[in-house]
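Here is how the chains run, residue by residue.
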Amino acid sequence: MSASSGMKRLPRPAVGLWPLARRLVWQEGRHGILRGFVLALALAVACVLCVSLVADRLQQALGLGSREFLAADLVLQSSRVVPDSQLKSLPAGLVMSQTVSFSSMLFVGDSMQLASIKAVGDGYPFYGNLQLHPQGKVKPGEIWLSARLMALLQAKVGATVELGNIQLRVAGELHQEPDENFSPFLLAPRALMHIQDVAPAQVILPGSRIQYRYLFKGEQAVIAEAVTRLKPSLLVEQRLLQPGTDTQLSGGPLQRSERFFRLASLIGLLLGALAMQIAMNHFTRRQADNMALLKTLGASRRQLWVWMLSLLGLLTGVAFVLGGGLGYLLHLGFLQLLGSLLPPEMPPPSWVPFALGLLVSLFITLLLSFVPFWRLLATPPQRVLRQDVQGQVPGWLALPLIFSGTLLLGWLFTSDARLSLGLLLGMVALLLIQGGLAYGLLLVLPRARRGTGLALALAHLRRERWQSLTQLAAIALALLLIGVLWASRSAILSGFDSRLGADLPNRFVLNIAQADKPGVEQWLQQQGIAHSDLYPVIRGRLTEIAGEPVAQEEGDAGRAGVNRELSMTWLQQAPLHNELVAGSWWRAGELGQVSVEQGVAERLGIQLGDMLQFNIEGREISARVSSLRKVNWEEMQPNFFMIFSPDLLQDYPASWLASLRVPAGDQQLEVELVRRYPALTLIDTDSIMQRLQGVLEQISRALGLMFSLVALAAVLVLFTQVQAGISRRWQELVLMRTLGAGQRLLQRTLRWELLATGLLAGVSAALGTELVMLTLQQLWSELAWQPHYLLWWGLPLLGAALVMLAAQGPMRRLLGSVLASRLRQGG
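Below or above, wherever it landed, is the structure these notes cover.

**Quick look at the overall build of the protein**
Along the backbone of the protein there are 25 helices and 21 strands. Of all 827 residues assigned to the protein, the portion counted as buried reaches 51%. Put simply, of all contacts in the protein between residues at least 6 apart along the chain, 82% involve residues at least 24 apart. Counting every atom, the protein has about 38100 Å² of accessible surface; 59% of that belongs to carbon and sulfur.

So this is what it looks like as structure tokens:
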């Protein structure tokens with residue numbers, strides 16, 4: 001009876017320990033290590049929610065009425081005119097329209113500008129809104145110019161525009177096309193004209209980059225029948241587009257940007273998880289005494305689980321609210337920074353990203369807390385009397401659980417298991433390497449004078465090897481990410497500045513007809529304009545490598561390919577600006593040879609001696625790889641992935657290409673050249689590079705926002721690690737105080753230890769950043785690596801400052817606690 005009444009006096013699980021959980025969250029949130037846990041989880045949620053919101057709204061924009069983004073029920077896209085036999089095989093009941101997209105020069109008086117032109121047929125668009133001002137129809141003899149193109153040409157409505165051999169009247173301003181690609185690299189301004197004016201203009205030549213689109217409208221059954229008939233007859237350069245397929249972002253820059261944002265967000269998530277793990281392990285170690293006390297007071301296992309789950313629920317709730325608000329604000333910042341690169345109308349977000357953020361926060365909290373809380377729950381009551389008594393649950397059990405859980409999370413977030421595994425292993429490797437480097441620097445430091453604060457600090461760091469290694473590794477990794485962020489941005493922007501200022505060719509002349517080639521060469525010579533050789537150009541697709549079929553689009557079955565048409569040429573002699581790195585150039589009489597650019601050969605696994613097959617003008621040709629070339633793409637010279645021996649391509653119709661250097665201010669020369677030969681296209685690479693730099697800076701600011709979030713997560717790892725390390729020093733400092741060490745000596749010891757930790761981690765991070773940047777620039781950039789001297793003193797100083805700042809509050813409380821403990825012992 002007494003036992004029963006005793007059980008009734010125990011507090012109810014859902015109520016009795018709930019106030020304790022609330023008080024613990026409040027106390028630890030204000031001064032303790034759980035503040036780092038909450039902030040780290042909030043940052044992780046913000047990373048996930050920010051990218052998910054942007055992706056969700058973008059996908060909604062592309063998914064809302066996906067017919068409108070195609071302007072049709074079905075589109076047949078091709079780089080060449082579709083044969084009549086294919087079109088005649090289509091079922092009755094289809095309505096067809098056609099568009100042709102190409103680039104060409106436009107003239108208004110003495111002003112000229114390269115434009116991306118779309119010629120459309122009657123009926124375009126079947127769906128969606130073609131926004132013109134004033135609103136009207138596209139008619140033969142008229143052209144519509146975008147606002148940017150009007151400004152560049154200084155044209156007004158009613159003005160006459162010259163295109164090749166014809167003149168067109170400016171009918172108004174082009175605002176938006178329903179099937180316009182939202183590409184940040186669509187650098188030439190846009191124009192719209194009628195398809196009947198394309199042939200008289202005579203601006204399309206063999207080798208030109210052209211996109212033909214055949215738009216179909218019809219009943220669902222008729223469209224399905226058309227798809228069934230077209231699919232078996234699709235040529236290598238053709239592609240079917242249907243509503244609901246990823247037409248705008250497939251393989252495009254925005255999709256790659258989204259992948260990069262997701263990758264950066266995953267790094268932030270992993271860093272947040274690292275800070276959470278540090279905080280949770282330290283918290284559970286500190287709470288072991290309280291757990292033992294609660295057990296001696298009669299708390300049941302169920303009550304203790306309720307207490308711990310209540311604590312986790314409060315922490316997760318607070319972190320989700322903070323992270324959700326921050327993530328929403330950040331996604332608005334992303335949309336603002338990427339505004340001109342996104343669809344003009346973005347729908348409001350759905351509930352999916354918020355649900356994903358909540359699930360991620362719950363998953364990562366349980367993943368990181370399960371083993372530490374299990375160990376805490378296993379604390380025996382005897383710990384109240386003996387501090388050395390520990391539970392029986394080993395700490396290493398958390399490692400496989402955390403590794404598999406974070407790998408699963410990365411796979412769900414990036415849809416790429418190999419990338420997630422590589423990223424996770426890479427972060428573990430970086431932690432070990434950075435910690436090892438910093439600890440190695442510690443070992444080679446000279447010994448300080450015995451009895452000083454510096455000597456005691458260095459002795460402690462050398463003695464506590466594992467603790468010092470883990471602390472230095474976490475701090476160095478945080479500083480490394482900050483260093484890589486700064487160095488990457490500097491390298492990208494300085495690379496563009498150096499290219500804009502270099503004395504390199506600043507114009508490309510494309511689409512030179514065979515009949516015009518002698519005249520163009522003679523005119524350039526008469527005007528004294530420096531230029532490259534003229535190269536024949538023909539377009540084709542790589543279809544097989546060593547007998548294996550090559551995928552023609554991302555996601556298609558087959559061996560990895562280029563996924564687009566290539567501009568190719570043929571030469572008897574190797575170009576002087578290319579370096580032969582393997583094999584040999586063909587001699588006179590050697591037939592069926594091809595030379596491949598080194599980078600594309602490495603990416604596609606092409607070896608010397610491999611047989612490559614190409615589809616050119618609907619015909620298949622084969623060539624043996626006789627050499628590999630190194631190409632410097634930064635030199636602005638005509639360069640090609642594939643150069644053939646003359647016997648293979650010289651009988652195909654081709655256009656010609658050259659690069660030249662036009663002196664600044666001689667625009668009249670360009671106007672005269674294009675007026676003499678209206679079929680050619682003159683590309684001003686200076687203006688394109690400046691435009692590209694503007695786009696790059698726009699994307700760079702958005703990436704900077706994401707990287708700032710990642711850097712903040714890295715700094716939080718640093719703060720959490722420093723605070724956890726400081727709090728572990730209590731017992732050692734009490735012993736030093738008992739043996740007669742004064743308070744000033746303790747302060748100097750701690751400060752020297754913190755200063756040494758920050759400086760060593762900073763030097764290690766600077767070395768790691770230089771190695772990372774050297775590797776990245778060798779893999780992905782032609783720019784020569786240059787040392788970043790600022791890193792070598794900036795990162796150590798930043799590391800020392802952040803470590804000292806992070807330790808100020810915990811250090812004051814720790815020294816106060818040590819002094820109070822000594823006074824109690826003295827009493």
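**Describing helix H18 (residues 517–527)**
Here H18 has its buried residues at Lys517, Val520, Trp523 and Leu524. Each buried residue of H18 sits inside an arc of 130° when the element is viewed along its axis, so together they form one side. Projecting away from the buried face of H18 at angles above 90 degrees are the exposed residues Pro518, Gln525 and Gln526. Of the residues trailing H18, Gly528 is marked for its positive phi of about 70°.

**Focus: the environment of Val772**
Within the element layout of this structure, Val772 appears in helix H24 (residues 743–780). With a relative accessible area of 25%, Val772 lands in the partly exposed category.

**Observations regarding the pattern of salt bridges**
Under the defined criterion, the tally for this structure stands at 10 salt bridges. Linking Arg169 and Glu142 is a salt bridge whose minimum nitrogen-to-oxygen distance equals 3.0 Å. With a gap of 27 residues between them, Arg169 in strand S7 (residues 166–176) and Glu142 in strand S5 (residues 142–146) connect regions that are remote in the sequence. When salt bridges that share partners are traced, they join Arg80, Arg539 and Glu565 into one network.

**Some words on the pairing of strand S11 (residues 507–512)**
Most of S11 sits out of view: five of its six residues are buried. Relative to strand S20 (residues 655–660), S11 is paired through four bridges, and the arrangement is antiparallel. Within S20, the position partnered with Arg507 by the bridge is Leu660. Sheet analysis places S11 next to strand S21 (residues 681–684), joined by four bridges and oriented antiparallel. Considered in S21, the bridge of Val509 is made with Leu682.

**Observations regarding the packing of helix H12 (residues 301–337) against helix H13 (residues 352–377)**
Their axes nearest at 9 Å, the elements H12 and H13 cross at an angle of 145°. Remark: the crossing between H12 and H13 carries right-handed chirality. On H13, the residues that touch Arg301, Leu304, Trp305, Met308, Leu311, Leu312, Thr316, Phe320 and Tyr328 of H12 are Phe354, Gly357, Leu358, Ser361, Leu362, Thr365, Leu366, Ser369, Phe373, Leu376 and Leu377.

**Description of a nonpolar patch on the surface**
A cluster of nonpolar side chains, namely Trp486, Leu759, Leu790, Trp793 and Leu797, defines an oily patch on the protein surface of about 490 Å² accessible area. The element best represented in the nonpolar patch is helix H25 (residues 789–826), accounting for three residues. Note on Leu759: relative accessible area 32%, which makes it partly exposed.

**Some words on the nonpolar core**
By size, the foremost hydrophobic cluster in this structure holds 100 residues, and its most contacted members are Leu269, Leu271, Leu479, Leu718 and Val722. The leading source of residues in this core is helix H4 (residues 34–63), at 14 residues. In this structure Val722 touches Ile475, Leu754, Val803, Ala806 and Ala807, once residues within four positions along its chain are discounted. Residues Leu90, Ala119, Val198 and Tyr212 belong to the second largest nonpolar core, which totals 39 residues.

**Observations concerning the pairing of S20**
On a regular strand, each side chain points to the face opposite its neighbour's, so the side chains alternate between the two faces of the sheet. Burial analysis of S20 places six of its six residues in the buried class, the great majority of the element. A two-sided burial pattern is seen for S20, the buried positions comprising Ser655, Leu657 and Ser659 on one face and Trp656, Ala658 and Leu660 on the other. Of the strand pairs in this sheet, strand S12 (residues 535–545) and S20 are connected by three bridges, and their pairing is antiparallel. Within the sheet, the bridge partner assigned to Pro536 lies in S20 and is Trp656.

**Overview of the environment of Val484**
Assignment of secondary structure puts Val484 in helix H17 (residues 465–501). Measuring from C-alpha to C-alpha, the distance between Val484 and Met773 comes to 7.1 Å, with 289 residues separating the pair along the chain. With sequence-adjacent residues up to four places away left out, Val484 is seen in contact with Thr769, Val772 and Met773.

**Observations regarding the packing of aromatic side chains**
Applying the stated rule across the entire model yields four aromatic pairs. Taking 5.9 Å as the distance between ring centres and 50° as the angle between the ring planes, the aromatic pair formed by Tyr535 and Phe640 counts as tilted. One end of the pair, Tyr535, is in strand S12; the other, Phe640, is in the loop between strand S18 (619–631) and strand S19 (642–644), with 105 residues separating them in the sequence. The class for Tyr535 is buried, based on a relative accessible area of 6%. Residue Phe640 is classed as buried on the basis of its relative accessible area of 3%.

**Here we look at H13**
With 26 residues, H13 extends 35 Å between its outermost C-alpha atoms, agreeing within 8% with the 38 Å of an ideal straight helix rising 1.5 Å per residue. Of all the bends in H13, the largest measures some 40° and sits at Phe370, one to four residues before the proline Pro372.

Reading the values: rules and limits
- Residues numbered from 1 in each chain as written.
- Predicted model: local features only at pLDDT ≥ 70, side-chain atom pairs only at ≥ 80, totals over all residues.
- Heavy atoms only, no water.
- Helix = DSSP H or I, 4+ residues; strand = E, 2+ residues; numbered from the N terminus.
- Buried < 20%, exposed > 50% of the residue type's maximum accessible area, 1.4 Å probe, protein only.
- Contact = heavy atoms within 4.5 Å.
- Areas by Shrake-Rupley, 256 points an atom, 1.4 Å probe, with all protein chains shown as cover.
- Arc of directions from axis to C-beta.
- Salt bridge = Lys/Arg side-chain N within 4 Å of Asp/Glu carboxyl O.
- Pairing = 2+ DSSP bridges.
- Axes fitted to C-alpha atoms, helices over the stretch in contact; angles between N-to-C directions.
- Left-handed = near helix turned anticlockwise from the far one by under 90°.
- Patch = residues over 30% accessible without salt bridge, like charges linked within 9 Å, V, L, I, M, F, W, Y side chains within 5 Å.
- Core = buried A, V, L, I, M, F, W, Y, C linked by side-chain atoms within 4.5 Å.
- Phe/Tyr/Trp six-rings, centres within 6.5 Å; stacked < 30°, edge-to-face > 60°.
- Expected span 1.5 Å × (residues − 1).
- Bend = angle between axes of the 7 residues up to and from the residue.

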